[in-house]
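# Coordinate analysis (summary)
Chain residues, written in single-letter form:
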Amino acid sequence: MLAIIFLERENIEIKMKDINTVIKTKEILNKFNIKANKKFGQNFLVSDSILNEIIDVADIKENELVIEIGPGLGNLSEYILLNSTYALLIEIDNNMINVLNDRLSRYNNFKLVNKDILKIDIDNYIEEIEKNRNISFKNVKVIANLPYYITTPILFKLLQESKRISEIVVMVQKEVAQRMVAKPKTKDYGILTLMVEYLTNAEIMIDVSRNCFIPAPNVDSAVIKLEKSDKYKVENEDVLFELIHKAFAQRRKKMVNSLVSNKFMNLDKEEIEKLLNKCKISTNARAEELNLCDFLNITKEIK
Ligand code: SAH
C-alpha cells in the first residue's frame, strides 16, 4: 500500500497494471544499491502497458534473433526473452551486468555481452551464436529503449554496417522520431529524414510519456519501427550520402552555395548549377525544398 501511494505522487500517469515493473525496478535499485547513471543515458522503462505494446509492434517470430541494446535492469529484456527464440543483449555498464545475470538467471535463451555497441562487430556476434547453437536465424531484429545521447550513431551503425539486421523497433526521443519521418519544407526535415527514408520504411508506432520512465527524462519519447528496404538503391551511395550531408551543412543558404563552400565533389558553382538544371531543380532552391527523389536524381547524374 505504501508503495502505491508513493508511486502515485511520483508518477501520476503510471496505471495500476504498470505496478509490477515499477515495484520491481525500485526493488532492484535498492537491492543492488545503484542509481540510474546519467552518463549512460539510463532511464528505465517501467510501464507494463508500453512494454506489452512494444512486444506487439515488434511481432517476434520463431527462429528470429532479437538484439537488445542497453538492457539496463532487464525490464524490456524479460518481455523479450518470454517471447523469443533467442536474444543477444549488449550492455556497456558493469553494474547492469550484475543485475541482469541475477534477474535473468532462470532464462537460458540469451547471451549477455558487456560491450559498447558502437565498438563491436554485431554480425560477428550473430555468427558466433549461430555456430555455437547450431542454428541459423531466419531474421534478426533489434528491439531497444536506446540510450538517447547516442541514438543516431547507433541507428546508422545498425542500418549501414550490419548485413543481418532487417528490422529495428526502438524507443527514441520524440523529436528524433519526428525528424525521421518529417516532410520537406519543415524544420524537422533534414539529413536524418533522408537517410532513414533512403534506407528504410519508417513509421512511428507508439507515443510514450516521460512519466513511463524512472527517472523521468526531460523529453517525451516514441517507439519507431524501421524496416530495412532496398527500394531506392543507387550504385554510388557514398556520393548520395555526401550530397545530403553537404546540402544541409548550411541549410539556410541556397543549396548550390552550401555545396560549393563544403566542396561537394570539388565541383564549382557552374558545374553544380548545370547538374541541377539537368534534374529540373531550381538553382535557387534550398536543400529542405528537395525530396529524396531529387537527391537521387542528382546522384545518378554524377557518373
Ligand atoms: N532497456 C532498459 C534501459 C534503457 S536505458 C529499459 O528500458 O529500462 C539505456 C541503456 O543503454 C542503459 O542500460 C545504458 O547503460 C545502456 N547503454 C548506454 N550506452 C551504451 C552503449 N554505448 N552500448 C551499450 N549499452 C549502452
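Residues numbered from 1 in each chain as written. Predicted model: local features only at pLDDT ≥ 70, side-chain atom pairs only at ≥ 80, totals over all residues. Heavy atoms only, no water.

### Examining the overall build of the protein chain
Heads up, the rule is: Put simply, DSSP H or I for four residues or longer makes a helix, DSSP E for two residues or longer makes a strand, and each gets a number counted from the N terminus. Residue burial is assigned from relative accessible area. The probe radius is 1.4 Å, only protein chains are included, and a residue is buried under 20% of its type maximum, exposed over 50%, and partly exposed in between. Two residues form a contact once any of their heavy atoms are found within 4.5 Å.
Across its full length, the protein chain carries 13 helices and nine strands. Each of the three principal axes of the protein chain carries a C-alpha extent, and together these read 70 × 50 × 30 Å. Per-residue burial over the protein chain gives 51% buried out of 303 residues. Restricting to contacts in the protein chain with at least 6 residues of sequence separation, those with at least 24 account for 67%.

### Quick notes on the pairing of strand 4 (residues 110–113)
Put simply, the rule is: Should DSSP find at least two bridges between two strands, the strands are regarded as paired. Place the viewer so that the strands point away; then a crossover is right-handed whenever the path from the first strand over the helix to the second strand goes clockwise.
With four bridges connecting them, strand 3 (residues 86–90) and strand 4 associate as parallel partners. Bridge pairing in strand 4 places A87 opposite F110. Once you follow strand 3 into helix 5 (residues 94–103) and on to strand 4, the crossover reads as right-handed.

### Considering the confidence of the model for the protein chain
Heads up, the condition is: Confidence of the predictor in every single residue is expressed as pLDDT, which spans 0 to 100.
Per-residue pLDDT for the protein chain averages 94, and the proportion of residues at 70 or more is 94%. Ignoring residues within four places in sequence, the model shows residues 1–17, a span with pLDDT below 50, making 18 contacts including any to other chains.

### Structural notes on the pattern of salt bridges
Just so we agree on the cut-off: Basic side-chain nitrogens of Lys or Arg form a salt bridge, by our definition, when they fall within 4 Å of a carboxyl oxygen of Asp or Glu.
Under the defined criterion, the tally for this structure stands at 17 salt bridges. One salt bridge in this structure joins K187 and D188, with 3.6 Å as the shortest N-O distance. Within this structure, K24, E78, R103 and R106 form a network of salt bridges that share partners.

### Some points on the layout of surface pockets
Inclusion rule: Lining residues are those with an atom within 4 Å of a point, where the points come from a 1 Å grid over the protein atoms alone and group into cavities, where a 1.4 Å probe fits but cannot get out, or pockets, open sets with protein on both sides within 12 Å along at least five of seven lines. Grid points are joined across faces, edges and corners, and a volume is the space filled by probe spheres set on the points. Charged means Asp, Glu, Lys or Arg here, nonpolar means Ala, Val, Leu, Ile, Met, Phe, Trp, Tyr, Cys or Pro, and polar covers whatever is left, Gly included.
Estimated volume of the largest pocket: approximately 270 Å³. If you go around the largest pocket, the residues you meet are A36, N37, K38, G41, Q42, N43, Y148, Y149, P215, A216, P217 and N218. Here the second largest pocket defines a volume of roughly 220 Å³. Lining of the second largest pocket is provided by L159, Q160, S162, K163, I165, L199, K228, S229, D230, K233, E237 and F241. Looking at the lining of the second largest pocket residue by residue, the classes come out as four nonpolar, three polar and five charged.

### A short note on empty space enclosed by the protein
Over the atoms rolls a probe the size of a water molecule, and in doing so it shows where empty space is left. For the structure shown, the criterion picks out one cavity of 30 Å³ or more. Mapped onto the lining of the largest cavity, the elements with two or more residues apiece are strand 1 (44–45), strand 2 (64–69) and helix 4 (75–83).

### What about the site of the ligand?
Put simply, the rule reads: Throughout this document, a residue counts as near a molecule or strand when at least one of its heavy atoms sits within 4 Å of that molecule or strand. Any N or O atom pair separated by 3.5 Å or less is treated as a polar contact, with the protein-specific requirement of one donor-capable and one acceptor-capable atom, and with residues adjacent in sequence counted only for side-chain atom pairs. Each accessible area value is a Shrake-Rupley result obtained with a 1.4 Å probe; residue values ignore everything except the protein chains displayed when judging cover. Just a note on the criterion: a molecule sits in a pocket or cavity if more than half of its atoms are within 2 Å of the grid points.
In the vicinity of the ligand there are 21 residues, among which G70, E91, D116, N145 and Y149 approach most closely. One of the backbone nitrogen or oxygen atoms of L45 is found 2.9 Å away from an oxygen atom of the ligand. One of the backbone nitrogen or oxygen atoms of G70 is found 2.8 Å away from a nitrogen atom of the ligand. Out of a free accessible area of 570 Å², the ligand has 100% covered by protein chains. More than half of the atoms belonging to the ligand lie within 2 Å of the grid points that define the largest cavity.

### Observations concerning the nonpolar core
Which entries qualify depends on this criterion: Note on terminology: a nonpolar core comprises buried Ala, Val, Leu, Ile, Met, Phe, Trp, Tyr and Cys residues joined through side-chain atoms within 4.5 Å. An automatic or database domain assignment supplies the start and end points of every domain.
By size, the foremost hydrophobic cluster in this structure holds 66 residues, and its most contacted members are I67, F295 and I298. Both domain 1 (4–228) and domain 2 (237–301) contribute no fewer than three residues apiece to this core. I34, A58, L89 and V208 belong to the second largest nonpolar core, which has 37 residues in total.

### Overview of the environment of I214
In this structure, I214 sits in strand 8 (residues 213–214). A C-alpha to C-alpha distance of 8.2 Å links I214 and T25, two positions 189 residues apart in sequence.

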